[in-house]
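Fold and contact review
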Amino acid sequence: MGAPSFFKDFDPVSAKAWKQKIQYGLKGADYNEQLVWESPEGIKVKPFYHHEDLAKLTTALGARILKWRIGESILAADAKTANEKATKVLKKGVESLFFTIPDEIVAAEQLLLNIDLHTVPLHFQCQFLSPDYLKKAMHLLSKKGAEVYLNLDPIGHLARTGNWFHTMEQDFAYADEIVKMFPTTVFGSGFSVDATGYQNAGANRVQELAYTLCHANEYLNHNGDHPCRNIYFTVAMGGNYFFEIAKVRALRMLWGVLAKAHGITGDCHITAVPSHRNKTIYDYNTNLLRTTTECMAAVLGGANTVCNLPYDTLYHKDNDFGNRIARNQLLLLKHESFFEGKDNPVTGSYYIESLVQQLAQKALELFKDIESKGGFLKQLKNHTIQRKIKESAHKEQLRFDRAQEVLVGTNKYVQENERMKDALARSPFMKTHPRKTLIEPILSKRLAASMEKERLKKEGMKV
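Throughout what follows, the structure given in this document is the object of discussion. (Residues numbered from 1 in each chain as written. Predicted model: local features only at pLDDT ≥ 70, side-chain atom pairs only at ≥ 80, totals over all residues. Heavy atoms only, no water.)

**Digging into the overall build of the chain**
Using the following cut-off: Each helix is a run of H or I in the DSSP string that is no shorter than four residues. Each strand is a run of E no shorter than two, and both are numbered from the N terminus. The reference for a compact globule is 2.2 Å times residues^0.38; the radius of gyration itself is calculated from the C-alpha atoms. Between two residues, a contact is recorded if the distance between any of their heavy atoms is within 4.5 Å. Residue burial considers only the protein chains on display, and all accessible areas are found by Shrake-Rupley using a 1.4 Å probe. His is not counted here, nor are the chain ends, while Lys and Arg score as positive and Asp and Glu score as negative. In this description, the location of a charge corresponds to atom NZ of lysine, CZ of arginine, CG of aspartate or CD of glutamate.
Across its full length, the chain carries 16 helices and 10 strands. Against the globule reference of 23 Å for 463 residues, the chain gives a C-alpha radius of gyration of 23 Å, in line with a compact fold. C-alpha atoms of the chain, sized along the principal axes, occupy 70 × 65 × 50 Å. Residue pairs at least 24 apart in sequence account for 78% of intrachain contacts in the chain once pairs closer than 6 positions are excluded. Summing over all exposed atoms, the chain offers an accessible surface of approximately 23,200 Å²; the carbon and sulfur share of this is 53%. When the 61 positive and 52 negative side-chain charges of the chain are each reduced to one mean point, those points stand 2 Å apart.

Shown next, in the form of structure tokens:
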């Protein structure tokens, strides 16, 4: 016997019929004015979606089965201390390690001691560019058959800091040297694109996707003689739940288009982290809600690895409690909420698939426009990218200042009696030090920063 059809006694209802029913209920009010809103990316969001919306669209790429790893970032200023922390968190549910290595004196042998390299993927985030250092590390790792991501991203360093590690020519020469020695026994990637800076600086999602794709294309164009087996992306997840799900899925779709153009068959690896842009120091427990939904969006969007952000990261130094809570949020999603090993509930969603297609199409158009005008590096150097991000950030800031973009506890439902002056163990505000740079760096800025400064001044604190 076939599966029963629960709808055989019901006639199908067209999108037109649904819209007519809604318009009847509006009693003369304008449908578009009352129920259709436009996102910052220029996407008009309707009150309902129908299978007819997908009739002319290709199927969006995205994980059908939820499969992802829990990651944790560890500052490896001291190899022994970082190793002790790594082995400890691996016993508490972490599945992938992100080592931030500040300089070349950090001994890789000590850092990786007692870590099962056959099962634990490693992500190196070196704050320097040195073939000699990575050669030693790769020699150690190649014997273990490890999964390694080197995160070589000199363009990202230029965008964040305004300068190359050395010079453009030297950085790419070093990166080429490292990629050539990347052993075939090791799975992972050499080149990466850190796209978190675009979102944290205020870029909208179309800009974020287009700049990420252009950023990757610079590496693919440069590295033509030694094709990348894979590209590693790191994205920041914002607060618009459904749009962020669609953003991650659109990124994978766009990578497929770019990879095909370059004759690459490998998939990309996407790591997602919560955004800093919408985090606050007042009513700070709402950060837990924000990071939870952002991590959920990352999982449903098909991210390969998710790293959470401690709720108190803005105003506390690195601490066990904040890290444990952040880790437990991911453990709850994976093991208690069953966001692992199940069919992805967003696959086939008319609304989300429509968002994916529109974001991808708009981003591809912007990508082509940037490439036709000389490419991403050229537009970074003439400050076009920076200007466009500032324009988008300004619009978002205005919406926030007018409470059209709401952050609970900051610009709406404010706890007037809350005091934070004595709770700050570190400054929650970005400090810049004037120095000579080749280009204007793309700097992160939180929406709530100005309002928080005013409140702290009222508490009698100099900021």
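**Considerations on the pairing of strand β6 (residues 147–152)**
The following threshold applies: Each residue is placed in one exposure class: buried if its accessible area under a 1.4 Å probe, protein chains only, is under 20% of its type's maximum, exposed if it is over 50%, and partly exposed if it falls in between. A pair of strands is considered paired only if DSSP assigns at least 2 bridges between the two.
Of all the 6 residues making up β6, 6 are buried; the element is thus mostly covered by neighbouring parts of the structure. On β6, burial covers both faces: Glu 147, Tyr 149 and Asn 151 on one face and Val 148, Leu 150 and Leu 152 on the other are all buried. Strand direction decides the pairing type here: strand β5 (residues 122–126) and β6, joined by 2 bridges, are parallel. Residue pairing for β6: His 123 is matched across the bridge by Tyr 149. For β6 and strand β7 (residues 187–194), the ladder comprises 4 bridges, and the chain directions are parallel.

**Observations concerning the layout of surface pockets**
Where we set the bar: Here a cavity denotes grid points, spaced 1 Å and computed from the protein atoms alone, that fit a 1.4 Å probe unable to get out, and a pocket denotes an open set having protein on both sides within 12 Å along at least 5 of 7 lines; residues with an atom within 4 Å of a point are the lining. Grid points are joined across faces, edges and corners, and a volume is the space filled by probe spheres set on the points. Following the grouping adopted for this structure description, the nonpolar residues are Ala, Val, Leu, Ile, Met, Phe, Trp, Tyr, Cys and Pro, the charged ones are Asp, Glu, Lys and Arg, and the polar ones are all others, Gly among them.
Size it by volume and the second largest pocket reaches roughly 940 Å³. Along its surface, the second largest pocket is lined by 41 residues, and Pro 40, Glu 41, Arg 205, Glu 396 and Arg 399 are the ones closest to its centre. For the lining of the second largest pocket, the elements supplying multiple residues, two or more each, are β1 (37–38), α9 (205–222), α11 (286–301), α13 (350–372) and α15 (384–401). With 8 residues, α15 is the single largest residue contributor to the lining of the second largest pocket. Here the lining of the second largest pocket is composed, by residue class, of 13 nonpolar, 14 polar and 14 charged.

**Let's talk about unusual backbone geometry**
Look at Lys 27: it is not a glycine, yet its phi comes out positive at around 55°. Mapped onto the fold, Lys 27 is located in the loop between α1 (15–26) and α2 (31–35). Residues other than glycine seldom take positive phi values, yet His 383 does so here, at roughly 70°. Within the fold, His 383 resides in the loop between α14 (376–381) and α15. The class for His 383 is partly exposed, based on a relative accessible area of 31%.

**Some points on empty space enclosed by the protein**
Evaluated as defined, the whole model comprises 2 cavities of 30 Å³ or more. If you trace the largest cavity, you find it lined by Gly 156, Ala 159, Arg 160, Asp 194, Gly 197, Tyr 198 and Ile 442. Elements represented by at least two residues in the lining of the largest cavity include exactly α6 (154–161) and α8 (196–201). The element best represented in the lining of the largest cavity is α6, accounting for 3 residues. Its residues placed into classes, the lining of the largest cavity shows 3 nonpolar, 2 polar and 2 charged. Here the second largest cavity is characterised by a volume of approximately 30 Å³. Together, Lys 279, Asn 287, Thr 291, Leu 309, Pro 310, Tyr 311, Thr 313 and Leu 314 line the second largest cavity. Classifying every residue of the lining of the second largest cavity gives 4 nonpolar, 3 polar and 1 charged.

**So, the pattern of salt bridges**
This is how the line gets drawn: Criterion for a salt bridge: a side-chain nitrogen of Lys or Arg within 4 Å of a carboxyl oxygen of Asp or Glu.
For the structure on display, the rule yields 22 salt bridges. Salt-bridge contacts for Asp 194 lead to Arg 160; the nearest nitrogen and oxygen are separated by 3.5 Å. Linking Asp 194 in strand β7 with Arg 160 in helix α6, this pair joins segments that are 34 residues apart in sequence. Salt-bridge contacts for Lys 334 lead to Glu 340; the nearest nitrogen and oxygen are separated by 3.9 Å. Among the residues examined, Lys 334 registers a relative accessible area of 6% and is labelled buried.

**Some points on the side chain of Asn 411**
Let me state the cut-off plainly: Two N or O atoms form a polar contact when they lie within 3.5 Å of each other; inside protein one atom must be a possible hydrogen donor and the other a possible acceptor, and for residues adjacent in sequence the pair counts only when both atoms belong to side chains.
Within the secondary structure, Asn 411 sits in the loop between α15 and α16 (449–458). Relative accessible area serves as the criterion here: at 13%, Asn 411 is assigned to the buried category. Within polar-contact distance, the side chain of Asn 411 engages the backbone nitrogen of Leu 407 at 2.8 Å. Excluding residues that lie within four positions of it along the chain, Asn 411 makes contacts with Phe 400, Ala 403, Glu 405, Val 406 and Met 451.

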